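Fold and contact review
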Amino acid sequence: MRFFGMLALAFALAGFAGCESKPVESGPKPTVSLKETYDKTVAAAQKIRDAIEKGEIDSAHDELHDIGHYLEDLPVMAKAASMDAAKQEALEKAAKSLFDVMLKIDESLHDAKEVKFEDVKEGLEGGLAELKGLGDSLPK
């Protein structure tokens, strides 16, 4: 299944070295719309991009943890919202592209390597542009 890789990133990002774990929420998750999750994903990706560009990745620490979950949820939510099949596929592709970049960033941080903007710029900006291009086609 396509989401196993995304699930692996979510767990990898949650296990970020030196992180204090957040308490696990019990009970049902609050209902969040596809558009809200999309907006959170774009905002997190932009904050991560800006932080890496400035050499301050720690300032986007929470977003790095959260974005794996958002990227995993987007395609599932698009399907549940009966989004057009072609747009679902495009959303899944954009989510996968960003997921791969976030995994690379996370792996660099786990290896105590500096994350250089030039090393992730193309994938990060490309994935973000793909995702932003789908914003107007999301069900409200």
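Just above sits the structure.
Model, not experiment: these values are computed from the prediction.

Here we come to the pattern of salt bridges. Using the criterion set out here, one finds 5 salt bridges in the structure. Across the pair Arg49 and Asp50 runs a salt bridge, and its minimum N-O distance is 3.1 Å. The class for Arg49 is buried, based on a relative accessible area of 18%. Looking at Asp50, the relative accessible area reads 30%, which means it is partly exposed.

Let us look at unusual backbone geometry. The phi dihedral of Ser82 falls on the positive side, at around 55°, and the residue is not glycine. By secondary structure assignment, the location of Ser82 is in the loop between helix H3 (61–80) and helix H4 (85–110).

In summary, soluble globular proteins display a tendency toward joint burial of nonpolar side chains. Grouped together as the largest cluster of nonpolar side chains are 35 residues, with contacts concentrated most on Leu34, Ile48, Ile52, Leu91, Met102, Ile105 and Leu131. When contributions to this core are tallied by element, the ones reaching two or more residues are helix H2 (34–53), H3, H4 and helix H5 (117–132). By residue number, the principal contributor to this core is H4, which donates 9 residues. Not counting the four nearest positions on each side in its chain, Ile105 is found in contact with Ile48, Ile52, Ile57, Leu64, Val115 and Val120.

Quick notes on the rules
Residues numbered from 1 in each chain as written. Predicted model: local features only at pLDDT ≥ 70, side-chain atom pairs only at ≥ 80, totals over all residues. Heavy atoms only, no water. Salt bridge = Lys/Arg side-chain N within 4 Å of Asp/Glu carboxyl O. Buried < 20%, exposed > 50% of the residue type's maximum accessible area, 1.4 Å probe, protein only. Helix = DSSP H or I, 4+ residues; strand = E, 2+ residues; numbered from the N terminus. Core = buried A, V, L, I, M, F, W, Y, C linked by side-chain atoms within 4.5 Å. Contact = heavy atoms within 4.5 Å.

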